[in-house]
Amino acid sequence: MELTEFVVLLLLTTTAVLAVAPTAEAIWMEVPSSGTKCVSEEIHSNVVVLADYNVIGDEEHAQANVVPTISVKVTSPFGNNLYHKENVTHGQFAFTTTEAGNYLACFWMDNRAPGAKGVTIGVDWKTGISAKDWESVARKEKIEGIELELVKLEGIVQAIQENLEYLKHREAEMREDNEETNARVAWLSIMSLSICLAVAALQLCYLKSYFRKKKLI
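Please read all numbers here as calculations on a predicted model, not as lab measurements.

## Focus on the pattern of salt bridges
Part 1 of the argument: Applying the stated criterion to the full structure yields four salt bridges.
Part 2 of the argument: Among the salt bridges present, the one from Arg 170 reaches Glu 42, with a minimum N-O distance of 3.5 Å. Here Arg 170, found in helix α4 (residues 146-213), pairs with Glu 42, found in strand β2 (residues 36-43); they are 128 residues apart in sequence, far enough to count as distant.
Part 3 of the argument: Where Glu 171 meets Arg 175, a salt bridge forms, and the shortest distance between an N and an O atom there is 2.8 Å. Residue Glu 171 and its partner Arg 175 are both found in helix α4; the two are separated by four residues, about one turn of the helix.
Part 4 of the argument: Given the relative accessible area of 40%, Arg 175 is considered partly exposed.
Part 5 of the argument: Three or more residues are tied together by salt bridges with common partners; here these are Glu 42, Arg 170 and Glu 173.

Here's what the structure looks like:
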């Protein structure tokens, strides 16, 4: 195989893998002056998370010569505080997950004046392989070009494998929960039917005794 064909094959493979690999998520969102806006993502354990956020100014704030500030709070699935900043216009937070579940990042304005206009916030959220600093890796390992692309491809494949294992684990947990719920429902149905039959038998005995006392039977 010639070098050109190898490069084309490598690029096609990388593109196909990237289509299913974890990617960065850049979003804009409107934060009201008297409310809170949150973004969340379900992430498994031992995953690097890197996010940049900044307040996007508008003409109204520029004319008023006012720079709106926000507060940011990031929490883990168990409610642990991972990051908290107040009175900022931009920033970055990074952490490695220790728990599997939904990680929540909430934003709100510091000056919550009634009738005030909200702000627009840009959030660049990266997880896993997307959050890795490949320039530092290239300098440290002294690699570049195709060699660097192969290292990236290896990292992407590993990330996909970890995601598949996490999904398999979650599927097994959900299946166990479903089976346990079905078993409990079955026992509850049997118990309810038994109680109904017992009550019906007691009512029958009572009515039979009542009719005998009244000499109706």
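Additional details are given in the paragraphs that follow.
## Observations regarding the state of the cysteines
Part 1 of the argument: A complete count under the given rule lists one disulfide for this structure.
Part 2 of the argument: Here Cys 38 engages in a disulfide with Cys 106; their sulfurs sit 2.0 Å apart. Between Cys 38 and Cys 106, the S-S torsion sits near 105°, and that sign places the bridge as right-handed. Note that Cys 38 is positioned in strand β2 and Cys 106 in strand β7 (residues 101-109), a separation of 68 residues in sequence.

## Overview of the packing of aromatic side chains
Part 1 of the argument: Across all of its chains, the model carries nine aromatic pairs by this definition.
Part 2 of the argument: Taken together, the aromatic side chains of Tyr 53, Tyr 83, Phe 93, Phe 95, Tyr 103, Phe 107 and Trp 125 make up a single cluster linked through ring pairs.

## What about the sheet that holds β7?
Part 1 of the argument: An order of β2-β7-β4-β5 is seen for the four strands of this open sheet, with the pairing classed as antiparallel. The sheet terminates laterally at β2 and β5 (81-88), the two strands that pair on one side only. Averaged over all pairs of adjacent strands, the angle between strand axes in this sheet comes to 10°, irrespective of strand direction.

## Quick notes on unusual backbone geometry
Part 1 of the argument: Positive phi outside glycine occurs at Asn 46, with the angle close to 60°.
Part 2 of the argument: Within the secondary structure, Asn 46 sits in the loop between β2 and β3 (48-56).
Part 3 of the argument: Unlike most non-glycine residues, Asn 87 shows phi in positive territory, near 55°.
Part 4 of the argument: Along the polypeptide, Asn 87 turns up in strand β5.

## Description of the confidence of the model for the protein chain
Part 1 of the argument: Model confidence for the protein chain is summarised by a mean pLDDT of 78, while 75% of its residues fall at 70 or above.
Part 2 of the argument: Across the protein chain, element-level confidence peaks in strand β4 (residues 70-75) with a mean pLDDT of 94 and bottoms out in helix α1 (residues 3-18) with 44.
Part 3 of the argument: With pLDDT under 50 throughout, residues 1-22 is counted as low confidence; its partners more than four residues away or in other chains account for 24 contacts.

## So, α4
Part 1 of the argument: The end-to-end C-alpha distance of α4 is 99 Å, a good match for the 100 Å that 68 residues give at a rise of 1.5 Å each.
Part 2 of the argument: Among the residues of α4, those classed as buried are Leu 148, Leu 153, Gly 155, Ile 156, Ala 159, Ile 160 and Tyr 166.
Part 3 of the argument: One or two steps after α4, the chain reaches Lys 215, where phi turns positive at roughly 55°.

## A word on the nonpolar core
Part 1 of the argument: Formed by 24 residues in total, the largest nonpolar core has its most connected members in Tyr 53, Ile 70, Phe 93, Phe 107, Ile 121 and Trp 125.
Part 2 of the argument: Secondary structure elements with two or more residues in this core: β1 (25-31), β2, β3, β4, β5, β6 (90-96), β7 and β8 (119-127).
Part 3 of the argument: With sequence-adjacent residues up to four places away left out, Phe 107 is seen in contact with Met 29, Val 31, Gly 35, Thr 36, Lys 37, Val 39, Tyr 53, Ile 70, Ser 71, Val 72, Ile 121 and Val 123.

## A short note on the environment of Ile 129
Part 1 of the argument: Within the secondary structure layout, Ile 129 lies in the loop between β8 and α3 (134-141).
Part 2 of the argument: With 26 residues separating them in the primary sequence, Ile 129 and Gly 155 have C-alpha atoms 6.5 Å apart.

Cut-off values and rules
- Residues numbered from 1 in each chain as written.
- Predicted model: local features only at pLDDT ≥ 70, side-chain atom pairs only at ≥ 80, totals over all residues.
- Heavy atoms only, no water.
- Salt bridge = Lys/Arg side-chain N within 4 Å of Asp/Glu carboxyl O.
- Helix = DSSP H or I, 4+ residues; strand = E, 2+ residues; numbered from the N terminus.
- Buried < 20%, exposed > 50% of the residue type's maximum accessible area, 1.4 Å probe, protein only.
- Disulfide = S-S within 2.5 Å.
- Phe/Tyr/Trp six-rings, centres within 6.5 Å; stacked < 30°, edge-to-face > 60°.
- Pairing = 2+ DSSP bridges.
- Axes fitted to C-alpha atoms, helices over the stretch in contact; angles between N-to-C directions.
- pLDDT = per-residue confidence, 0-100.
- Contact = heavy atoms within 4.5 Å.
- Expected span 1.5 Å × (residues − 1).
- Core = buried A, V, L, I, M, F, W, Y, C linked by side-chain atoms within 4.5 Å.

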